[in-house]
Amino acid sequence: MVTDEELREILSADTVAVVGCSTTPGKAAHDIPVYLQNHGYRVIPVNPFADEILGETAYDSLADVPADAGVDVVDVFRPSEEAGDIAEAAVERHESVGDVGTVWLQLGITNDDAKRRVREAGLAFVQDKCMKVEHSRLLG
C-alpha cells in the first residue's frame with residue numbers, strides 16, 4: 001500500500017512516459033495524459049502505432065525514448081498481463097540510463113511480479129490507482 005505522502009512525492013515528478021498512450025479522445029489512455037499535460041507534466045507517449053500524440057513524438061517502446069528525456073514516472077495503460085514486461089523495461093532503463101523512479105499501473109491494472117521486480121530494483125511502485133484521480137485528490 002502506498003501512503004498519501006509517498007503519492008505526493010511521486011506526483012511531484014516532471015516527466016511521465018505513458019505506455020499505451022492513446023490517440024483517441026474519450027479513452028482514459030488519452031484523457032488522463034491530457035489532464036497530466038494540462039497540469040504541468042511533460043508527457044512522453046509510448047505507442048508503436050502513432051508518430052505523435054498530444055503534440056509530442058510517440059515512441060515505439062520505453063527503450064526508444066531518448067536517454068536525455070529524464071523520465072520520472074512510467075505510467076502504464078496496458079493489460080495487467082503486459083505489466084511485467086513493461087516493469088522490466090522500466091527497471092532496465094533505470095539501471096542503464098539512470099532515470100525512472102516510479103512505475104505506475106493505472107486503475108484496474110495489477111501485477112504482483114511487476115511489483116516485486118520494481119521494488120527489488122529500489123523504485124516506487126503504484127498499481128490499481130488512477131494518476132489523475134490521485135493528483136486531483138492530493139494536489140488539485
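In the block above lies the structure referred to throughout.
Here we summarise the structure given alongside this text. (Residues numbered from 1 in each chain as written. Predicted model: local features only at pLDDT ≥ 70, side-chain atom pairs only at ≥ 80, totals over all residues. Heavy atoms only, no water.)

With that out of the way, let us pick up unusual backbone geometry. Most peptide bonds are trans, and most residues other than glycine sit at a negative phi. The phi dihedral of Leu 54 falls on the positive side, at around 55 degrees, and the residue is not glycine. Relative to the helices and strands, Leu 54 resides in the loop between strand 3 (52-53) and strand 4 (56-57). (Helix = DSSP H or I, 4+ residues; strand = E, 2+ residues; numbered from the N terminus.)

Of all hydrophobic cores here, the largest spans 25 residues; its most connected members are Ile 44, Val 65, Val 71, Val 74, Val 103, Leu 105 and Val 118. Of all elements in the fold, only strand 1 (15-19), strand 2 (42-46), strand 5 (73-76), helix 3 (83-96), strand 6 (102-105) and helix 4 (112-120) reach the threshold of two or more residues within this core. In terms of residues, this core owes the most to one element, helix 3, which gives five residues. Filtering out sequence-adjacent residues up to four positions away, Val 118 remains in contact with Ala 87, Val 91, Val 103, Leu 123, Ala 124 and Phe 125. Residues Ile 10, Ala 29, Ala 58 and Val 126 belong to the second largest nonpolar core, which totals 24 residues. (Core = buried A, V, L, I, M, F, W, Y, C linked by side-chain atoms within 4.5 Å. Buried < 20%, exposed > 50% of the residue type's maximum accessible area, 1.4 Å probe, protein only. Contact = heavy atoms within 4.5 Å.)

Okay, helix 3 next. For helix 3, which comprises 14 residues, the first-to-last C-alpha distance of 20 Å matches the rise-based estimate of 20 Å (1.5 Å per residue) to within 8%. Those residues of helix 3 that fall on the buried side of the exposure criterion are Ala 83, Ile 86, Ala 87, Ala 90, Val 91 and Arg 93. Projected down its long axis, helix 3 carries its buried residues within an arc of 160 degrees, all on one side. In helix 3, the exposed residues that point more than 90 degrees away from the buried face are Asp 85, Glu 95 and Ser 96. Looking at the buried positions of helix 3, the neighbouring elements they touch are strand 1, strand 5, strand 6 and helix 4. Remark: Gly 98 follows helix 3 within two positions and exhibits a positive phi of approximately 95 degrees. (Expected span 1.5 Å × (residues − 1). Arc of directions from axis to C-beta.)

With that out of the way, let us pick up the environment of Val 74. By the element assignment, Val 74 lies in strand 5. Measuring from C-alpha to C-alpha, the distance between Val 74 and Val 16 comes to 5.8 Å, with 58 residues separating the pair along the chain. Residues contacting Val 74, with those up to four places away along its chain left out, are Ala 17, Val 19, Leu 62, Ile 86, Ala 90, Val 100, Thr 102, Val 103 and Trp 104.

Looking now at the packing of helix 2 (residues 28-38) against helix 5 (residues 131-139). Interaxial distance between helix 2 and helix 5 falls to 9 Å at its minimum, and their mutual angle equals 35 degrees. Each of Ile 32, Tyr 35 and Leu 36 in helix 2 lies in contact with helix 5, whose residues at this interface are Met 131, Lys 132, His 135 and Ser 136. (Axes fitted to C-alpha atoms, helices over the stretch in contact; angles between N-to-C directions.)

Most of strand 1 sits inside the fold, with five of its five residues counted as buried. Across the two faces of strand 1 the burial is the same, with Thr 15, Ala 17 and Val 19 and Val 16 and Val 18 all buried. Examined bridge by bridge, strand 1 and strand 2 share five bridges and lie parallel to one another. Note that in strand 2 the partner of Val 16 across the bridge is Val 43. Read as a crossover between parallel neighbours, the route from strand 1 over helix 2 to strand 2 is right-handed. Taken together, the four bridges between strand 1 and strand 5 define a ladder with parallel strand orientation. Following the sheet pairing, Ala 17 is matched in strand 5 by Val 74. (Pairing = 2+ DSSP bridges. Right-handed = clockwise from strand over helix to strand, strands pointing away.)

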